[in-house]
Amino acid sequence: MSSVASRRPKLSVQEAGKFYDTPTGRTHALDRFSMDVFDGEFICVVGPSGCGKSTLLWSMAGLHALSSGKILLDGQEVVSPSPQIAMVFQEANLLPWRSLQKNLELPFEIRKQAPAHDRIRGLVDRVGLSGFETKFPRELSGGMQQRASIVRALSVDPSLLLMDEPFGALDAFTRDEMNLLIEEIWLETKKTVVFITHSIPEAVFLADRVYVMSARPGRLSKVFDVDIPRPRPLEVQSEAHFVELVAEIKRSIEHKAPARAA
Ligand code: ADP
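What counts and how
- Residue numbers here run from 1 along each chain, matching the order of that chain's written sequence.
- Only residues with pLDDT of 70 or above have their local features reported here, since the model is predicted, and side-chain atom pairs are shown and tallied only from 80 upward, although totals for entire chains, interfaces and linings are computed over all residues.
- Side-chain calculation: all heavy atoms of the structure are included, whereas hydrogens and water are not.
- Comment: elements are numbered from the N terminus, with helices defined as DSSP H or I runs of at least four residues and strands as E runs of at least two.
- Nearness is judged by heavy atoms alone; a residue qualifies as near a molecule or strand once a single heavy atom is within 4 Å of it.
- The definition of a polar contact used here is a pair of N or O atoms within 3.5 Å, where within protein one atom must be able to donate a hydrogen and the other to accept one, and adjacent residues in sequence count solely through side-chain atom pairs.
- Accessibility throughout is a Shrake-Rupley quantity obtained with a 1.4 Å probe, and a residue counts as covered only by protein chains that appear here.
- DSSP-based pairing: two strands are paired if at least 2 bridges between them are found.
- Every angle, taken between N-to-C directions, lies between 0 and 180 degrees, and every axis is a line fitted to C-alpha atoms, over only the stretch in contact when it is a helix.
- Any two residues whose heavy atoms approach within 4.5 Å at even a single point are treated as in contact.
- What makes a salt bridge here is a side-chain nitrogen of Lys or Arg within 4 Å of a carboxyl oxygen of Asp or Glu, nothing more.
- Only protein chains enter the accessibility calculation, which uses a 1.4 Å probe. A residue is then buried if its area is under 20% of the maximum for its type, exposed if over 50%, and partly exposed in between.

1. Some details on unusual backbone geometry
(1) Moving on: Geometrically, the link from Arg-216 to Pro-217 is a cis peptide bond, its omega value of 0° lying close to zero.
(2) Moving on: The topology assignment puts Pro-217 in the loop between β9 (209-213) and β10 (220-225).
(3) Moving on: Residue Pro-231 is reached from Arg-230 by a cis peptide bond, and omega for that bond is -5°.
(4) Moving on: Mapping Pro-231 onto the fold places it in the loop between β10 and α8 (240-256).
(5) Moving on: If you check the backbone angles, Lys-112 has positive phi at about 55° while not being a glycine.

Here it is in structure tokens:
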């Protein structure tokens, strides 16, 4: 019988609301958004551009304060960045004057800890960057830089990995490769992942569940379970069930979008 503790969500977003006040006025970015994510789940959040996806993720990371509601990680309210939470952004954000190895050691330097050399080496090998440790970011392709940022995030062994459109700037082939890689790494590590994307096929390929947000202010519009067995090869994307699920999610977004002014 499972204990109460094991049924507690790893991450719980409870009625999250967010306003931005700027000199030009107030933006209502997030409206009573709730979600529960359980340990080891891979969750994708999709929605139209500007609907508040990044606001939601940054709040999960403790980088933005909510205006209302709360976010709990392992039952503790997230109010500031925590070593338990790592984030991967659309840009790899490697420091150009440091070698790959020195970039990968940076999170440890910031925490005044000795770098976890074995873990870094294992991850570098896992993502195919062995031999590039002394290279500088300008000598690495976009895909390699993003692999490095994934290593940097996982090197500190976080319990929650947040990914903000991490492959949005990559070409289609590299993006497919990265999606396969991230699925493999997730199957091996079973980290809890929240992944933001505006690509519905990417969300269906990666997720256990897809949360759909409405246009701004971002509300939870619908949740879709993805019951496609893993590991999922890239070819799964042409199977009827996959294509139909993508179409259904797309329809749910179009259906909710506000009518355009004439
Ligand atoms: P998404 O990630 O879905 O594209 P965002 O969370 O980036 O959406 O933005 C949601 C809304 O909040 C947008 O209208 C955006 O312009 C606004 N916004 C985001 N960040 C800020 C900020 N720091 N200050 C003011 N407005 C912001």
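Next, the rest of the story.
2. A short note on the site of the ligand
(1) Moving on: Near the ligand there are 13 residues, and of these Gly-50, Gly-52, Lys-53, Ser-54 and Thr-55 occur at the shortest range.
(2) Moving on: In the model, a nitrogen atom of the ligand is placed 3.5 Å from a nitrogen or oxygen of the Tyr-20 side chain.
(3) Moving on: A distance of 3.0 Å separates an oxygen atom of the ligand from a polar atom in the backbone of Gly-52.
(4) Moving on: Coverage of the ligand by the protein amounts to 64% of the 560 Å² it exposes when considered alone.
(5) Moving on: Listing elements by their share of the shell around the ligand, those giving two or more residues are β1 (11-22), β2 (25-37) and α2 (53-60).
(6) Moving on: No other element matches α2, which puts 3 residues into the shell around the ligand.

3. A word on the sheet that holds β10
(1) Moving on: Strand order in the open sheet formed by 6 strands is β6-β7-β8-β3-β9-β10, with mixed pairing between adjacent strands. With one partner strand each, in any of the chains shown, β6 (85-88) and β10 form the two edges of the open sheet. The sheet shows a mean angle of 20° between the axes of neighbouring strands, direction not considered.
(2) Moving on: Direction of pairing for strand β7 (residues 160-164) relative to strand β8 (residues 192-196): parallel, over a ladder of 5 bridges. Of the residues in β8, the one forming a bridge with Leu-162 is Val-194.

4. Focus: the side chain of Ser-159
(1) Moving on: Within the secondary structure layout, Ser-159 lies in the loop between α5 (142-155) and β7.
(2) Moving on: Polar contacts involving the side chain of Ser-159 include one to the side chain of Lys-10, which spans 3.4 Å.
(3) Moving on: Those residues in contact with Ser-159, other than ones at most four positions away along the chain, are Lys-10, Asp-74, Gln-84 and Thr-192.

5. Digging into the pattern of salt bridges
(1) Moving on: Within this structure, the stated rule accounts for 17 salt bridges.
(2) Moving on: A salt bridge links Glu-177 to Arg-147, with the nearest nitrogen and oxygen atoms 2.9 Å apart. Placement of Glu-177 in helix α6 (residues 172-189) and of Arg-147 in helix α5 is noted, with a sequence separation of 30 residues between them.
(3) Moving on: For Arg-147, a relative accessible area of 16% gives the class buried.
(4) Moving on: Two residues, Glu-244 and Arg-251, come together in a salt bridge whose shortest N-O distance is 3.1 Å.
(5) Moving on: A residue is classified by how much of its surface remains accessible, and Glu-244, at 40% relative accessible area, is partly exposed.
(6) Moving on: One network of salt bridges, in which partners are shared, links Asp-31, Arg-32 and Arg-219.

6. Here we look at helix α3 (residues 100-110)
(1) Moving on: Those residues of α3 not exposed but buried are Leu-100, Asn-103, Leu-104, Glu-105, Leu-106, Pro-107 and Phe-108.
(2) Moving on: Where α3 is buried, its residues contact α4 (117-126) and α5.
(3) Moving on: Lys-112 lies just past α3 and shows a positive phi near 55°.

7. Comments concerning the pairing of strand β4 (residues 68-73)
(1) Moving on: Bridge count for β1 against β4 is 5 bridges, and the pairing is antiparallel. When the sheet's bridge partners are listed, Gly-17 is paired in β4 with Ser-68.
(2) Moving on: Two elements, β4 and strand β5 (residues 76-77), share 2 bridges in a ladder whose sense is antiparallel. Residue pairing for β5: Leu-72 is matched across the bridge by Glu-77.
(3) Moving on: Hairpin connection from β4 to β5: 2 residues lie between these consecutive antiparallel strands, with Asp-74 at a positive phi of about 50°.

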